[in-house]
Amino acid sequence: MVNFEKLYKKVALQVIERCHGAIKITKHGKIIEVYDTKRHIWSNGLAGLIIKEECKDANLRDWEIANVRSYVIQKLLAKSEN
């Protein structure tokens, strides 16, 4: 059986790598804007789509997107504190 937390963290890191870390986030953990290198645009509604695409590539279910999103936010907030 796969450890789901490790899988969620791995997919979250893939999302951050796909955007090259170009994700603007508030102090309260809300994603404002994201730069997608595949589409070459900044967008404020694109974060959910990118997370959804990466989850689909990892064969995760729709309800698991929220878990991946929380790991993305945690990782980015931890990075901004340093």
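First, a word on scope: everything that follows refers to the structure included in this document. (Residues numbered from 1 in each chain as written. Predicted model: local features only at pLDDT ≥ 70, side-chain atom pairs only at ≥ 80, totals over all residues. Heavy atoms only, no water.)

## Things to note about the pattern of salt bridges
In total, this model carries two salt bridges according to the counting rule given. Where arginine 18 meets glutamate 53, a salt bridge forms, and the shortest distance between an N and an O atom there is 2.6 Å. Residue arginine 18 is located in helix α1 (residues 4-18), and its partner glutamate 53 is located in helix α2 (residues 46-57); the two are separated by 35 residues in the primary sequence. Exposure remark for arginine 18: the relative accessible area of 8% places this residue in the buried category. Residue class for glutamate 53 comes out partly exposed when judged on its relative accessible area of 22%. Where glutamate 54 meets arginine 18, a salt bridge forms, and the shortest distance between an N and an O atom there is 3.3 Å. Residue glutamate 54 is located in helix α2, and its partner arginine 18 is located in helix α1; the two are separated by 36 residues in the primary sequence. A cluster of three or more residues bridged by salt bridges with shared partners is formed by Arg18, Glu53 and Glu54. (Salt bridge = Lys/Arg side-chain N within 4 Å of Asp/Glu carboxyl O. Helix = DSSP H or I, 4+ residues; strand = E, 2+ residues; numbered from the N terminus. Buried < 20%, exposed > 50% of the residue type's maximum accessible area, 1.4 Å probe, protein only.)

By themselves these figures say nothing about function.
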